[in-house]
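Given next are the chains, with one letter for each unit.
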Amino acid sequence: MHITNEFRRSMNWLHTWLGIALGGVLFVIFWMGTLTVFHLEINRWMMPETRSVTNVDAPLDPVILPKIAEMEIENESTIFIGRASERQPHIRLIKFGGSAEREEAYLHPETGAEIERTDTYGASGFFYPFHYSLHVGWMGVGYWIVGLAAMAMLVLTVSGVFIHRKIFQDFFTFRPKKAARRSTLDLHNMTAIVALPFHILFPLSGVLIFALTYFPNAMVVGYGGERAGLSEDRFGFHQPAVVGEPGALPDSLDAFVSRAETVWTERSGAAARADGVRIMNAGDASSTVMVQHAYPASAVARLQGNMTFETASGEIKTDFVPLPISNASSWIEGAHFIRFDSWAVRWLFFFGGLAGSAMIATGMLFWMRARIRKGMEPLTVRVVRALTIGTTTGIMASSAVFLIANRVLAADAAAFGVGRADLEAAAFFVVWIASFIHAGLRDKRAWADQCWAMAAFCGLAVALNWATTGGHLIETVRLDQRAVAGVDLTLLAAAACAVWAARKLNAAYKNDLAQADGTSKVLPAGLPAE
Amino acid sequence: MSAGLSWGLLASASVLCGVGMALLALSQDRNWRTVGLAQARAPYGRGLGWAFLTASLVPVLLRDGLSFAALLWPMLIAASAIGVAMILAYRPALLRPLARIACVNEGTAAPRNGA
C-alpha cells in the first residue's frame, strides 16, 4: 500500500484531535489501570489485618458450614464463598439477594474467625473501578466515556503507526540531550512502538469485557432477548427458578469442590483449583451449588469451568465446557484481568502500563509545546498547562495521598456525614483538585513542584506503613509478606523516579528562563511528523 | 517445573532477547556511530540480531507454553527495546563488547561503509 503525504496529513489531523480530546481521560485510565495490575497487593498493604498468608487450602466445611447455619436465609438468597488464595489469603463470605442487605465477611481460612478489616475501599474498590468507570456512576456515563476512550485509543494507535515513516528506527531512538521538543517526541514514539501489541491488546480487551454493557442487545437477540440463555452458554451460569418450598442446605462444600476439580484436572491435564462456590436459592427446594473455575492459575483464558450440582441430591446438573469461540474471547479477557499465575507477565504488564502512561503524557506535552510556540493567549496557555499537569503528575501524587489517608485516619474516623472509606477517597479527590489549582497558580514550575510532592508522598506512605503497622521492609521480607514489601519497594522506586524527574524539570525550567528573551523559534504550521 | 528452571528459562529468554535487540540496534548506522567503535560494522549483524530474537522465543515457549508466550514474548521485546534505547542514550560504551562481535576486522574489511 502506497501511503501518500496527504493520507499521512489526514492521519496526523485525526491523531492530534483525538489526542487532545481524550488524552487526559486516557492518561487517567492508563494510570489507574496500571495500579490495578497489583490491586490485590495494594489491598494487603491497605488492610494490614489481611497480610499474613496461612494455609489457603484448608478445608472449607469446618469454617463455612457453621457460618451458613447461623445466617438468616431467604429462598432467594445467594451465598458466595470466595476461596482464599496466595494473593488474597482469606475467605470471602458474601450473602445477597432477597430482601436483606448484602453482607460480606472476611474469614481466616483455618480458624474461620472473622477478620476485622480496615474500613477502606482498598485498591480493588477504588483504583480498579476508577479505570473502567471513572467513578462516574450517573446513568453509567463513566463506562461510556471509558469505552469511547478505548475506541479512540485504538484509532490513535493505528493513525500513529501511519504517521511515522521510520517505525524500526524509532525502536531505539531516544535522544535526551536534544531539545526538549525532540526528546519528548522520541519518548512518545518509542514507548508507543515498542509496546504496540500492549497498546492494542488492552483497549481491545477492555471493550470486549464490557461488550454486554456497550451492546446490551446484540448478543441476546439469539436468545429471544433473554440474558439468562446467554449467561448459560457463555458463562455456564445457571440461575434456578425459586419454588418457594423449603430445601436442604449443603452438608459439604468440599465434596462438591473436589468432584469438580477432579473433572477439570482430567479435562485440561493441568491441576485445576476452584476459586469460588455459589449456593443459589439457599434453603429453597430448587437450590443448587455452583463451583467456579473463573480465574485459572495455569491458563491465560479465564472461565475454564462452572459445575452446578443439585444441593439435595448432589447430582451434577450442568457441566460447563466453554466452546472454542467462547474460549478465544476468554483468552483476550483473561489477558486483561491478569489473574493467572505468572509474575513475569504481571510485572511486564505493569511496565507496559507505565509505558502507555508515558506515551500519553509525552503526546499531550508535545502537542502543548508545539501549540504554544505557534502562539496562544497567555491565559489559555495557563489553563491548558494546568489541565495537563493536574491530569498527569496531579493524579499520580494524589494516588499516593490515598495510601497516606489509609494509614493516618483513625479506625472509626467519620466526618461530614461519611465514614472512613469515603474519607480516604475524599482525600484523593481533594488533593487531585488542588493539584489543578496549584498548577494554575504556579504555571510551569508546577511540574517540578508536583514531582517533589509525589516523591514526598510516596516516601511518607512507606514511613507511615512502618509507623502504624510495624511492617518496615526488613520485617515484611522476613515474614515473607511479599505483597507489602513489593508495594513499599515500588513506592520507594516511584519516589526516586519523581526526585529525578523533579530535578530534570527544574533544570529545564531554569534553562527556559535563561532563554526567555524572545529567541524561541516559531514552528512551521502543522505538527511535524518526524 | 521447578522454580529454578523456571527462573533460568526466563533469564535466558531475557538475555537472548536483549542481545538480539542490541544487535538490531547496532545494525542501524546512527546507533553504530553512537557506540564509537573504529571498525566498520559487519553486514551479518542484523541477521544475527533476528536470530537471537527468534531464539529467545524458545525458552519462553518451554517455560509457559504458547498461550502465555503470546503475552510474555512481545512484552520481553518491548522491555529489551526500551533497555537498549536507554543504554544508547546514556551509556553507549556498554554496547562496545557486543559491537565487537558484529564488526569487520581490519584486513578483512568489506568494501561497504569504509569507516
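My aim in this report is to walk through the structure given alongside it, one point at a time. (Residues numbered from 1 in each chain as written. Chains lettered and ligands numbered in written order. Predicted model: local features only at pLDDT ≥ 70, side-chain atom pairs only at ≥ 80, totals over all residues.)

### So, the overall build of chain B
A tally of regular secondary structure across chain B gives 5 helices and 0 strands. When its helices and strands are written in sequence order, chain B yields α-α-α-α-α. Along the first, second and third principal axes, the C-alpha set of chain B runs to 50 × 30 × 20 Å. Taken over 115 residues, chain B has a buried fraction of 41%. (Helix = DSSP H or I, 4+ residues; strand = E, 2+ residues; numbered from the N terminus. Buried ≥ 20, exposed ≤ 12 C-beta atoms within 10 Å, placed from the backbone.)

### Comments concerning the overall build of chain A
Helices and strands together make up the secondary structure of chain A, namely 19 helices and 7 strands. At 26 Å, chain A has a C-alpha radius of gyration in line with the 24 Å of a compact globule built from 530 residues. Principal-axis analysis of the C-alpha atoms places the extent of chain A at approximately 85 × 60 × 40 Å. Looking at chain A as a whole, 40% of its 530 residues are labelled buried. Counted over contacts in chain A with a minimum sequence separation of 6, partners at least 24 positions apart contribute 70%. (Rg over C-alpha atoms; globule rule 2.2 N^0.38 Å. Contact = placed C-beta atoms within 7 Å.)

### As for the sheet that holds strand E1 (residues 78–82) of chain A
Residue and element names in this part refer to chain A. On the basis of which strands lie adjacent, the open sheet formed by 7 strands has the order E3-E2-E1-E4-E5-E6-E7 and antiparallel pairing. The open sheet has two edge strands with one neighbour each: strand E3 (103–107) and strand E7 (316–320). On average, each strand axis in the sheet is inclined to that of its neighbour by 15°, with strand direction left out of account. Here 4 bridges tie strand E6 (residues 305–310) to E7, and the two strands are oriented antiparallel to one another. Its bridge partner lying in E7, phenylalanine 309 is registered against isoleucine 316. Seen against the sheet, helix H3 (residues 61–70) touches E1, strand E2 (91–96) and E3 and runs at an angle of roughly 25° to E2. (Pairing = 2+ DSSP bridges. Axes fitted to C-alpha atoms, helices over the stretch in contact; angles between N-to-C directions.)

### Observations concerning the packing of helix H6 (residues 141–163) of chain A against helix H9 (residues 196–209) of chain A
Geometrically, a packed helix pair is captured by the angle between its two axes and the distance between the axes. Residue and element names in this part refer to chain A. Following both chains from N to C, one finds H6 and H9 inclined at 150°, their axes separated by 9 Å at the closest point. The orientation of H6 with respect to H9, classified from their angle, is roughly antiparallel. Considering how the two elements wind past one another, H6 and H9 form a crossing that is left-handed. Residues Gly147, Ala150, Met151, Met153, Leu154 and Thr157 of H6 form the contact with H9, whose own contacting residues are Leu196, His199, Ile200, Pro203, Leu204, Gly206 and Val207. Considering only residue class, the contact of H6 with H9 consists of 9 nonpolar, 4 polar and no charged. (Parallel < 35°, antiparallel > 145°, perpendicular 65-115°, else oblique. Left-handed = near helix turned anticlockwise from the far one by under 90°. Nonpolar A, V, L, I, M, F, W, Y, C, P; charged D, E, K, R; others polar.)

### Considerations on the interface of chain B and chain A
In this complex, chain B contributes 21 residues to the contact, which on the side of chain A involves 23 residues. Taken together, the elements giving at least two residues each to the side of chain B that touches chain A come down to helix H1 (3–26) and helix H4 (57–90) of chain B. It is H4 of chain B that contributes the most residues to the side of chain B that touches chain A, 17 residues altogether. Classifying every residue of the side of chain B that touches chain A by side-chain character gives 17 nonpolar, 3 polar and 1 charged.

### Overview of the nonpolar core
Nonpolar side chains tend toward joint burial in soluble globular proteins. With 128 residues, the main nonpolar core has Met454 and Cys458 of chain A together with Leu72 and Ala81 of chain B as its most contacted residues. Broken down by element, the residue count for this core peaks at 16 residues, all from H4 of chain B. Discounting residues that sit within four places of it in the chain, cysteine 458 of chain A has contacts with Ala400, Leu491, Ala494, Ala495 and Ala498 of chain A. One finds Leu93, Ile279, Val291 and Phe320 of chain A within the second-largest nonpolar core, a separate group that totals 28 residues. (Core = buried A, V, L, I, M, F, W, Y, C linked by C-beta atoms within 7 Å.)

### Remarks on the environment of isoleucine 395 of chain A
All names here are of chain A. Topologically, isoleucine 395 is positioned in helix H15 (residues 378–408). Of the residues examined, isoleucine 395 has 21 C-beta atoms within 10 Å and is grouped as buried. When the C-alpha positions of isoleucine 395 and isoleucine 91 are compared, they lie 33 Å apart, and in sequence the two are 304 residues distant. Not counting residues within four places of it along the chain, the set of residues in contact with isoleucine 395 comprises Val28, Trp31 and Trp432.

### A few points about the environment of leucine 323 of chain A
All names here are of chain A. Note on placement: leucine 323 falls in the loop between E7 and helix H13 (324–337). Accessibility expressed as a C-beta count within 10 Å gives 11 for leucine 323, which makes it exposed. Placed 89 residues apart in sequence, leucine 323 and arginine 234 show a C-alpha to C-alpha distance of 8.1 Å.

### Description of unusual backbone geometry
All names here are of chain A. Of note in the backbone geometry, methionine 139 takes a positive phi value of approximately 55° without being a glycine. Looking at where methionine 139 falls in the secondary structure, it is placed in the loop between helix H5 (127–133) and H6. We note that phenylalanine 416 has phi near 55°; this positive angle belongs to a residue other than glycine. The topology assignment puts phenylalanine 416 in the loop between H15 and helix H16 (420–442). With 7 C-beta atoms packed within 10 Å, phenylalanine 416 lands in the exposed category.

### Describing helix H12 (residues 254–268) of chain A
Residue and element names in this part refer to chain A. Its 15 residues give H12 an end-to-end C-alpha distance of 21 Å, which sits within 8% of 21 Å, the value for a rise of 1.5 Å per residue. Every buried residue of H12 is accounted for by Phe256, Val257, Ala260 and Trp264. The arc enclosing the buried residues of H12, seen along the axis, measures out at 95°, which places them on a common side. Turned more than 90 degrees from where H12 packs its buried face, Thr262 and Glu266 sit exposed. For H12, the secondary structure elements touched by its buried residues are strand E4 (276–280), strand E5 (288–293) and E6. (Expected span 1.5 Å × (residues − 1). Arc of directions from axis to C-beta.)

### Describing helix H1 (residues 5–36) of chain A
The terminal C-alpha atoms of H1 of chain A, which comprises 32 residues, lie only 40 Å apart, well short of the 46 Å expected from a rise of 1.5 Å per residue. Leucine 22 of chain A marks the point of greatest bend in H1 of chain A, at about 60°. (Bend = angle between axes of the 7 residues up to and from the residue.)

What is shown is where atoms sit, not what they do.
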